[in-house]
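These are the residues of each chain, in order.
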Protein chains: 2
Amino acid sequence: MSKRGYTFAAGEHGEWCIARIFAPLGDGLAAAARLAVHNAVGTPADCAWSLSGMLSNERYVTRPEKSALLALPTATAPTCAALIALRKSADWWAMTQDERRAVFETQSRHIALGLELGAGITRRLHHCRDLVEDAPFDFLTWFEYAPQDEARFDALLAQLRASEEWHFVEREVDIRLRRAR
Amino acid sequence: MSKRGYTFAAGEHGEWCIARIFAPLGDGLAAAARLAVHNAVGTPADCAWSLSGMLSNERYVTRPEKSALLALPTATAPTCAALIALRKSADWWAMTQDERRAVFETQSRHIALGLELGAGITRRLHHCRDLVEDAPFDFLTWFEYAPQDEARFDALLAQLRASEEWHFVEREVDIRLRRAR
């Protein structure tokens, strides 16, 4: 059975070169040269910082939405990656499921934007909130894509950041990476 | 900020006397005299077994349902408790949110049954699935009630166990407790 836990460890080693670390909201993360991705939860020795999360069940998408998302082309030759780390506010977490879905999709079109702009961009969502007390982030989303798709990926992020959902984001760090040769 | 993590540790110590451990589905848990409830995640030394989970956000209830649940009377003089530990199947977790909600409420009336039968029964749900890999249970639900409400609590459990939702339960352990004098 494949493990659901992943750790992203920044430092001197790893298969990805860190091109940029940008913090649109709240505290950033320390600069580092490389990022290693481990299929396990833990704190690797000898890293500048590490973030862990678990793959988990779908929280918002309906079956028709999921089928449409799965029908999108995935990344071919993905030499670029992005790690978007988010923490949402207590107000977000106090909402009921119907209230969160209304903000997430009815108001913010999070899934619709993914369908419109996400072709060729592979996405993997890791949950952190129920892994440890007071995790620095609630979500770590890992994206892989080809260089020519980065502008479309930026357009997708720009629309999400302008959405109602982002009023509930209190920390966001955006890390861009290039596959090490 | 209050901690969301809890650990239920069975052994020789604790504020609750274990009256019965029953496993309707799958493997049970070893007999023990007492249960201690700690507001932290971890493995206490010197216990027969322990189970940990985290309080988390609502996954199914709508705001009107939550308001109705919050309006129910809570337990007064709750000298009885029950810990119901559940693991659901891979088929459950592969469903999308709308599919799980349809089984949970439209078909199984999980929330409606709680509203009909839950007066005087205090409930606290702990999530385990995203806390560690391969957790023995996905959920630990802790109930407290007065002795005269136990028959109604049993009726609620009987209806849930007969529901469509329980076709997705692959392990269930039901532990009954009395407050130590």
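About the cut-offs
- Residue indices follow the written sequence of each chain, beginning from 1 at its first position.
- Chains and ligands are labelled by the order in which they are written, letters from A for the one and numbers from 1 for the other.
- Where totals are concerned, whole chains, interfaces and linings use all residues; where local detail is concerned, this predicted model gives features only for residues with pLDDT of at least 70, and gives and counts side-chain atom pairs only at 80 or more.
- Side-chain measures here rest on the full set of heavy atoms in the structure, leaving out hydrogens and waters.
- Note on geometry: axes are C-alpha line fits, over the in-contact stretch for helices, and angles between N-to-C directions span 0 to 180 degrees.
- Each helix corresponds to a stretch of at least 4 residues labelled H or I by DSSP, and each strand to a stretch of at least 2 residues labelled E; elements are numbered beginning at the N terminus.
- Roughly parallel means an angle under 35 degrees; roughly antiparallel means over 145; roughly perpendicular covers 65 to 115; every other angle is labelled oblique.
- Should the near helix be turned counterclockwise from the far one by less than a right angle, the crossing is left-handed, whereas a clockwise turn marks it as right-handed.
- Between two residues, a contact is recorded if the distance between any of their heavy atoms is within 4.5 Å.
- In this classification, the charged set is Asp, Glu, Lys and Arg, the nonpolar set is Ala, Val, Leu, Ile, Met, Phe, Trp, Tyr, Cys and Pro, and all remaining amino acids, among them Gly, are polar.
- Using a 1.4 Å probe on the protein chains alone, a residue whose accessible area is under 20% of its type maximum counts as buried, one over 50% counts as exposed, and one in between counts as partly exposed.
- Should DSSP find at least two bridges between two strands, the strands are taken to pair.
- A least-squares fit on C-alpha atoms brings the copies together, and the residues used are those whose pLDDT is at least 70 in both copies.
- Buried area: the accessible area, evaluated with a 1.4 Å probe, that two parts lose upon being put together, summed over both parts.
- Salt bridges are counted wherever a side-chain nitrogen of Lys or Arg sits within 4 Å of a carboxyl oxygen of Asp or Glu.
- By the criterion applied in these results, polar contacts are pairs of N or O atoms within 3.5 Å in which, for protein atoms, one can donate a hydrogen and the other can accept it, and in which residues neighboring in sequence qualify only through two side-chain atoms.
- By arc we mean the arc of the directions from the helix axis to the C-beta atoms, nothing more.
- What counts as a disulfide here is a pair of cysteine sulfur atoms lying within 2.5 Å.

## Quick notes on the packing of helix H4 (residues 110-117) of chain B against helix H5 (residues 150-161) of chain B
Axes are the key here: two packed helices are described by the angle between their axes and the distance separating the axes.
Residue and element names in this part refer to chain B.
Here is step 1 of the chain: H5 packs onto H4 with a crossing angle of 165 degrees between their chain directions and a minimal axis gap of 10 Å. With respect to H5, the element H4 is oriented roughly antiparallel. Seen from above, H4 lies across H5 with right-handed handedness. Every residue of H5 that contacts H4 at His110, Leu113, Gly114 and Leu117 is listed here: Arg152, Ala155, Leu156, Gln159 and Leu160.
Here is step 2 of the chain: Among the residues making up the contact of H4 with H5, the classes are represented as five nonpolar, three polar and one charged.

## With respect to the pairing of strand E4 (residues 49-54) of chain A
All names here are of chain A.
Here is step 1 of the chain: Of all the six residues making up E4, five are buried; the element is thus mostly covered by neighbouring parts of the structure.
Here is step 2 of the chain: Alignment of strand E1 (residues 5-11) against E4, held across six bridges, turns out to be antiparallel. Bridge pairing in E4 links Gly5 to Met54.

## Thoughts on the relation of the copies chain B and chain A
Here is step 1 of the chain: When chain B is brought onto chain A, the operation consists of a screw motion whose angular component is 180 degrees and whose axial shift is 0.0 Å, with 0.0 Å RMSD remaining. Considering both components of the superposition, the chain copies are consistent with a two-fold axis. In terms of C-alpha distance to the rotation axis, chain B has Leu131 of chain B as its closest residue, with the C-alpha 2.1 Å off the axis.
Here is step 2 of the chain: Interface overlap between copies is the fraction of interface residues in one copy that are interface residues in the other; for chain B against chain A it reaches 100%, indicating a shared surface.

## A closer look at the pairing of strand E2 (residues 16-25) of chain A
Here is step 1 of the chain: Pairing analysis gives two bridges linking E2 of chain A to strand E3 (residues 34-38) of chain A, with the strands arranged antiparallel. Note on E3 of chain A: the bridge partner recorded for Cys17 of chain A is Arg34 of chain A.

## Considering the interface of chain B and chain A
Here is step 1 of the chain: Residue-level contacts link 30 residues of chain B with 30 residues of chain A.
Here is step 2 of the chain: With both chains or domains summed, chain B and chain A bury close to 2,600 Å², and 40% of this area falls on carbon and sulfur atoms.
Here is step 3 of the chain: Among the residues of chain B in contact with chain A, Arg63, Asp130 and Glu133 of chain B are the three that bury the most area, contributing 25% of the side total.
Here is step 4 of the chain: Between the two partners, chain B and chain A, sit eight salt bridges.
Here is step 5 of the chain: Linking chain B to chain A there are 24 residue pairs in polar contact (both at pLDDT 80 or more).
Here is step 6 of the chain: At the level of secondary structure, the elements contributing two or more residues to the side of chain B that touches chain A comprise helix H1 (63-71), helix H2 (90-94) and helix H3 (97-107) of chain B.
Here is step 7 of the chain: Of all the elements, H3 of chain B adds the most residues to the side of chain B that touches chain A, at four residues.
Here is step 8 of the chain: For the side of chain B that touches chain A, the class distribution of residues is eleven nonpolar, six polar and 13 charged.

## Brief notes about the pattern of salt bridges
Here is step 1 of the chain: On inspection of all chains with the given rule, the structure shows 36 salt bridges over all chains.
Here is step 2 of the chain: Two residues, Asp130 of chain A and Arg4 of chain B, come together in a salt bridge whose shortest N-O distance is 3.0 Å. One end of the pair, Asp130 of chain A, is in the loop between strand E6 (122-127) and strand E7 (139-145); the other, Arg4 of chain B, is in the segment before strand E1 (5-11), on a second chain. We note that Asp130 of chain A, like Arg4 of chain B, is buried.
Here is step 3 of the chain: In this structure, Glu116 of chain B and Arg109 of chain B form a salt bridge, with 2.3 Å as the shortest nitrogen-oxygen distance.
Here is step 4 of the chain: If you follow the salt bridges from partner to partner, you end up with Arg20, Glu150, Asp154, Arg161, Glu172, Asp174, Arg176 and Arg178 of chain A in one network.

## Some remarks on helix H3 (residues 97-107) of chain A
Here is step 1 of the chain: Taken as a whole, H3 of chain A has its buried residues at Gln97, Arg100, Val103, Phe104 and Glu105 of chain A. Axial view of H3 of chain A: buried residues confined to an arc of 160 degrees, hence all on one face.
Here is step 2 of the chain: Each element contacted by the buried residues of H3 of chain A is listed here: helix H1 (63-71), helix H2 (90-94) and helix H4 (110-117) of chain A together with H3 of chain B.
Here is step 3 of the chain: The positive-phi residue at the C-terminal boundary of H3 of chain A is Arg109 of chain A, with phi of around 55 degrees.

## Quick notes on unusual backbone geometry
Here is step 1 of the chain: Positive phi outside glycine occurs at Ala77 of chain A, with the angle close to 50 degrees.
Here is step 2 of the chain: Structurally, Ala77 of chain A can be placed in the loop between H1 and strand E5 (80-88).
Here is step 3 of the chain: Ala77 of chain A gets classed as exposed once you look at its relative accessible area, which sits at 60%.
Here is step 4 of the chain: If you check the backbone angles, Asp134 of chain B has positive phi at about 50 degrees while not being a glycine.

## Quick word on the environment of Ser56 of chain B
Here is step 1 of the chain: Residue position: Ser56 of chain B is located in the loop between strand E4 (49-54) and H1.
Here is step 2 of the chain: Residues Ser56 of chain B and His126 of chain B, 70 residues apart in the sequence, show an inter-C-alpha distance of 7.1 Å.
Here is step 3 of the chain: When sequence neighbours within four positions are dropped, the list of residues in contact with Ser56 of chain B reads Arg129 and Asp130 of chain A together with Arg4 and His127 of chain B.
Here is step 4 of the chain: One polar contact links Ser56 of chain B to Asn57 of chain B, side chain to side chain, over a distance of 2.9 Å.
Here is step 5 of the chain: Reaching out from Ser56 of chain B, the side chain makes a polar contact with the side chain of Arg59 of chain B at a distance of 2.8 Å.

## Considering the state of the cysteines
All names here are of chain B.
Here is step 1 of the chain: The tally for this structure, following the rule as stated, stands at zero disulfides over all chains.
Here is step 2 of the chain: Between Cys47, a cysteine without a disulfide, and Cys128, which holds the nearest cysteine sulfur, the sulfur-to-sulfur distance is 15 Å.
Here is step 3 of the chain: Not part of a disulfide, Cys80 finds its nearest cysteine sulfur in Cys17, a span of 11 Å.

Structural measurements only, silent on function.
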